[in-house]
Amino acid sequence: MFEAIRTSLTEWRDYVAWAPDGLVGSAMLALAALLALAIHSMLIRLLRRLLRDRRPHLRSFLSGTKGLTRLALIILALFIVLPAAPFDVEVESAVAKVLLVVAIALSGSAVVTVVDMTADLYLKRFEYDVDDLYARKHLTQVRVLARTIDTIVIVATVGAVLMSFDPVRHYGVSLFASAGVAGLVAGLAARPLLSNLFAGIQIAMAQPMRIDDSVQIDNEVGRIEEITSTYVVVRLWDLRRLIVPLAYFIEKPFQNWTRDTSALIGNVMLYVDYAAPVDVIRAKFSEILKQSDKWDGRIAALQVTDFKEGTMELRCLMSARTASQTFDLRCEVREKLIAFLQKEHPEALPHSRQISLKEARGGTEDAALAGEPLKRIRPA
């Protein structure tokens, strides 16, 4: 079919032999491009009419690849017409080289677009929720794998474009074939890219962390906001963004607070006087949790965990559905317990016990021997 088209174009060229070759060749390429545009427009309308509202996914896919298919059809038309155009050998070779480069870049762009659109269509099957670990698992896997494939395709496309030029190809072959040091330097330079690339694949498969996981990295607490092909964006509690290389999550330890479930256990440490009524404080703690909408009803415990020199240590354990709710619940418990002790049991707050030198000399020792309590002095 292509030969028939070129034969027809050659016969038509004979009718305009009086015109300059460059002008005739340019006109032939322009007409081929216009014809390709017309055919593409007709095909798009026909496909939309056939699909209508029956296949919304195919319609969105068709709309997303409209520009790529248009450019592909134009390049195909120019490739068909170019041999029949009356150009010089040098001009024809240069135009063919440009078309080849554009075709390679278009192929890479098409693969990236198809991969991204396929990933988006696949993820539409899931109703995303922070507490839905299954949905977050697929979201992380699909996004990381899609971006890894995009990176590989882009690198391969750039390499194919560069290797299509003879000077670059010969230079690259001679460089890596004859210079071992240069090859070593190039390998070391590519190590960060390759390590992050393979780390992305490992994260997608093993999933030590997922998108929207709550993590702690070097005493910074935040949530995984985005996973790219080379780094991870962690949104911190104060809206700062911590940029961490992908390889970090494979090579170094970090805390993942929502690895298996979004629920967390929080603790509040309370330091009270030895005279504090522990049972009353425990009852008030349970009451505070029952009145809070952040408590998930699973864990509630108050225990005496240690004795200090002048205080008694109480540990309050509680659970909530998410890390942010756990933090808010801990703050709420602290505020309400302190307010309760200040109002109802001020004697339970920490005190300092002191004996002045005058009292020690003036009969306090006798009082102590008689069994009378020593004077308790509140700190100023």
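The paragraphs below set out a description of the structure included in this document. (Residues numbered from 1 in each chain as written. Predicted model: local features only at pLDDT ≥ 70, side-chain atom pairs only at ≥ 80, totals over all residues. Heavy atoms only, no water.)

With respect to helix 11 (residues 323-344)
Phase 1 of the analysis: Taking 1.5 Å of rise per residue, 22 residues should cover 32 Å, and helix 11 covers 31 Å from first to last C-alpha, within 8% of that figure.
Phase 2 of the analysis: For helix 11, every residue scored as buried is listed here: Ala323, Thr326, Leu329, Glu332, Val333, Leu337, Phe340 and Leu341. Across the axial projection of helix 11, the buried residues extend over an arc of 170 degrees, all falling on one side. For helix 11, the exposed residues set more than 90 degrees away from the buried face come down to Phe327, Glu335, Gln342 and Lys343.
Phase 3 of the analysis: On its buried side, helix 11 packs onto strand 1 (214-217), strand 6 (264-272), helix 10 (278-291), strand 7 (295-307) and strand 8 (312-320). (Helix = DSSP H or I, 4+ residues; strand = E, 2+ residues; numbered from the N terminus. Expected span 1.5 Å × (residues − 1). Buried < 20%, exposed > 50% of the residue type's maximum accessible area, 1.4 Å probe, protein only. Arc of directions from axis to C-beta. Contact = heavy atoms within 4.5 Å.)

Here's the deal with the pattern of salt bridges
Phase 1 of the analysis: According to the stated counting rule, one finds 12 salt bridges in the structure shown.
Phase 2 of the analysis: The salt bridge involving Arg241 is made with Glu225; its shortest N-O contact spans 2.8 Å. A residue pair is termed long-range when its members are at least 10 positions apart, and Arg241 in strand 4 (residues 241-245) and Glu225 in strand 2 (residues 220-227) qualify at 16 residues.
Phase 3 of the analysis: Looking at Glu225, the relative accessible area reads 28%, which means it is partly exposed.
Phase 4 of the analysis: Across the salt bridge formed by Asp293 and Lys294, the nearest N and O atoms sit 3.7 Å from each other.
Phase 5 of the analysis: Each of the salt bridges in this network shares a partner with another, and the network as a whole consists of Asp293, Lys294, Glu332 and Lys336. (Salt bridge = Lys/Arg side-chain N within 4 Å of Asp/Glu carboxyl O.)

With respect to the side chain of Thr157
Phase 1 of the analysis: With respect to the secondary-structure elements, Thr157 resides in helix 6 (residues 133-163).
Phase 2 of the analysis: Looking at Thr157, its side chain comes within polar contact range of the main-chain oxygen of Val153, at 2.7 Å.
Phase 3 of the analysis: In contact with Thr157, other than residues within four places in its own chain, are Ile104, Ala105 and Gly108. (Polar contact = N/O pair within 3.5 Å; in protein donor to acceptor, adjacent residues only side chain to side chain.)

So, the nonpolar core
Phase 1 of the analysis: Counting 25 residues, the largest nonpolar core has Met209, Ile217, Ile224, Ile227, Val232, Val234 and Phe249 as its most contacted members.
Phase 2 of the analysis: Contributing elements (two or more residues each) for this core: helix 5 (89-123), helix 6, helix 8 (180-206), strand 1, strand 2, strand 3 (231-236) and helix 9 (248-251).
Phase 3 of the analysis: Those residues in contact with Met209 that sit more than four places away from it in its chain are Thr140, Ile203, Ile224, Ile227, Val232, Phe249, Phe254 and Asn256. (Core = buried A, V, L, I, M, F, W, Y, C linked by side-chain atoms within 4.5 Å.)

Some remarks on the packing of helix 4 (residues 66-81) against helix 5
Phase 1 of the analysis: Look at helix 4 against helix 5: their axes get within 10 Å of each other, and the N-to-C directions meet at 155 degrees. Here helix 4 is positioned roughly antiparallel relative to helix 5, judged by the angle of their axes. Regarding helix 4 and helix 5, the two cross each other, and that crossing is left-handed. Contacts between helix 4 and helix 5 involve Leu68, Leu71, Ala72, Ile75, Leu78 and Phe79 from the first element and Ala96, Leu99, Leu100, Val102, Ala103, Leu106, Ser109, Ala110 and Thr113 from the second.
Phase 2 of the analysis: Of the residues assigned to the contact of helix 4 with helix 5, the class counts are 13 nonpolar, two polar and no charged. (Axes fitted to C-alpha atoms, helices over the stretch in contact; angles between N-to-C directions. Parallel < 35°, antiparallel > 145°, perpendicular 65-115°, else oblique. Left-handed = near helix turned anticlockwise from the far one by under 90°. Nonpolar A, V, L, I, M, F, W, Y, C, P; charged D, E, K, R; others polar.)

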